[in-house]
Amino acid sequence: MAAGLRYVLTRRGPLSVPVDQCSGFARTEGAARPDVQIYCNPASYATLPNGKPQIDRDNGFLLCVQPSRPTSRGEITLRSANPADAPLIQPNSLATEEDRATAIRASRVLQQLAATPAIAAVTRARRDPDIAGMDDAALLENFRARAGTVFHASCTCRMGTDNTNSVLDARLRVHGLGGLRVVDASAFPNITSGNTNAPTMMLAARAAEMVLEDTETAALAAE
């Protein structure tokens, strides 16, 4: 409440800055290229079951990590013939052995970071559950219990070659439906390695060009 009031009145305070103050990509043990994204939040909080954050009263920070190229694939299906009914969403997170192994290696990176002199020097206590002494099995279970999409869900209307492997063609048009395109992160053929905002903006810019190109082509054909 106080942080919200401070922001409204002064445009300053913890709510005036992004949640993630710094971020970077790293290679976990044995990876040929960066396969996880690490980021730091300048506040200590928990995410409640309803999706809302619960910020701790004491000063703190969070170290977080996420796999950059998950291989698990979920699905969205219709709940009923009523369009007002919410769809059935099954994310199938950590369904593959590769993703489970990456989650463990990613958690090991956090253990190593937390043990560095720079981080240890500003740490008075750790949040529960503390992953510092966890073995692989405990790290995976902790990751499974606490992980989320970080609002980067995508690929549900992916681009592809035909309607057997995709919803859209290479010009973002829905297979079998003239004049209908999908232009957002759901059109990605695969999730991007990092945040989805900039790639979605780039996709939108290219989609605008496609619409103009196709409109011009149709006009010329009609002459």
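Scroll up to find the structure.
Please read all numbers here as calculations on a predicted model, not as lab measurements. (Residues numbered from 1 in each chain as written. Predicted model: local features only at pLDDT ≥ 70, side-chain atom pairs only at ≥ 80, totals over all residues. Heavy atoms only, no water.)

> Hey, could you run me through the overall build of the chain in this one?
Summing up its helical and strand segments, the chain has five helices and seven strands in all. Put simply, the chain runs from its N terminus to its C terminus through helices and strands in the order α-β-β-β-β-β-β-β-α-α-α-α. Computed over the C-alpha atoms, the radius of gyration of the chain is 22 Å, more than 25% above the 17 Å expected from 2.2 N^0.38 for a compact globule of 223 residues. Taking the principal axes of the C-alpha coordinates as reference, the chain spans close to 75 × 50 × 40 Å. Taking all 223 residues of the chain together, the buried fraction comes to 24%. At a minimum sequence separation of 6, the contacts of the chain that also span at least 24 residues come to 46%. Approximately 15300 Å² of the chain is accessible, and the part contributed by carbon and sulfur atoms is 57%. Distance between charge centroids for the chain: 7 Å, based on 23 positive and 23 negative side chains. (Helix = DSSP H or I, 4+ residues; strand = E, 2+ residues; numbered from the N terminus. Rg over C-alpha atoms; globule rule 2.2 N^0.38 Å. Buried < 20%, exposed > 50% of the residue type's maximum accessible area, 1.4 Å probe, protein only. Contact = heavy atoms within 4.5 Å. Areas by Shrake-Rupley, 256 points an atom, 1.4 Å probe, with all protein chains shown as cover. Lys, Arg positive; Asp, Glu negative; His and termini not counted. Charge placed at Lys NZ, Arg CZ, Asp CG, Glu CD.)

> Help me understand the pattern of salt bridges in this model?
Close approach of charged atoms allows side chains of opposite charge to pair. Per the stated rule, a full pass over the model turns up twelve salt bridges. With a closest N to O distance of 3.0 Å, Arg-127 and Asp-56 form a salt bridge. One end of the pair, Arg-127, is in the loop between α3 (117-121) and α4 (136-146); the other, Asp-56, is in the loop between β4 (53-55) and β5 (62-67), and 71 residues separate them in sequence. In this structure Asp-56 comes out as partly exposed when scored by relative accessible area, which is 28%. Notably, a salt bridge pairs Arg-171 with Glu-213, separated by 2.9 Å at the nearest N-O pair. Here the residue Arg-171 occupies a position in the loop between α4 and α5 (197-222), and Glu-213 occupies one in helix α5, the gap between them amounting to 42 residues. Via salt bridges that share partners, Asp-169, Arg-171, Arg-173, Arg-181, Arg-206, Glu-209, Glu-213 and Asp-214 belong to a single interconnected network. (Salt bridge = Lys/Arg side-chain N within 4 Å of Asp/Glu carboxyl O.)

> Whenever I open this one, the environment of Pro-129 confuses me. Can you help?
Topologically, Pro-129 is positioned in the loop between α3 and α4. Accessibility expressed as a relative area gives 36% for Pro-129, which makes it partly exposed. On a C-alpha basis, the gap between Pro-129 and Asn-142 in space is 8.1 Å, while along the polypeptide they are 13 residues apart. What Pro-129 contacts, discounting residues up to four positions off in sequence, is Met-134, Asn-142 and Arg-146.

> Help me understand the sheet that holds strand β2 (residues 36-41), please; the structure alone is not making it clear to me.
The pairing of strands in a sheet happens through backbone hydrogen bonds and is either parallel or antiparallel. One open sheet holds the three strands; their spatial order is β1-β2-β5, and the pairing between them is antiparallel. Single-partner strands in this sheet number two, and they are β1 (22-26) and β5. Adjacent strand axes in the sheet meet at a mean angle of 20°, parallel and antiparallel pairs treated alike. Strands in contact with helix α2 (residues 97-114) are β2 and β5; relative to β5, the strand with the most contacts, it is inclined by about 155°. (Pairing = 2+ DSSP bridges. Axes fitted to C-alpha atoms, helices over the stretch in contact; angles between N-to-C directions.)

> Explain the nonpolar core here, please?
Note that soluble globular proteins tend to have their nonpolar side chains buried in a common cluster. Listed in full, the eleven residues of the largest apolar core are Met-159, Leu-168, Leu-172, Val-174, Val-182, Ala-185, Ala-187, Phe-188, Leu-203, Ala-207 and Met-210. Sequence-distant contacts of Val-182, that is, excluding residues within four places in its chain, are made with Cys-157, Leu-168, Leu-172, Val-174 and Ala-187. If you look at the next biggest cluster of nonpolar residues, it comprises nine residues, including Ile-38, Ala-106, Ile-131 and Met-134. (Core = buried A, V, L, I, M, F, W, Y, C linked by side-chain atoms within 4.5 Å.)

> Before we go on, may I ask you to explain the packing of aromatic side chains in this structure?
Aromatic ring pairs are reported here in terms of the distance separating the ring centres and the angle at which the planes meet. Inspection of the entire model under this criterion finds zero aromatic pairs. When the ring centre of Tyr-7 is taken as origin, the NZ or CZ atom of Arg-11, which lies over that ring, is 4.9 Å away. (Phe/Tyr/Trp six-rings, centres within 6.5 Å; stacked < 30°, edge-to-face > 60°. Lys NZ or Arg CZ within 6 Å of the ring centre and 35° of its normal.)

> I tried to follow the side chain of Asn-142 on my own but got confused; where do I start?
By secondary structure assignment, the location of Asn-142 is in helix α4. Among the residues examined, Asn-142 registers a relative accessible area of 13% and is labelled buried. The contact partners of Asn-142, leaving out residues within four places of it in the chain, are Pro-129, Ile-131 and Met-134.

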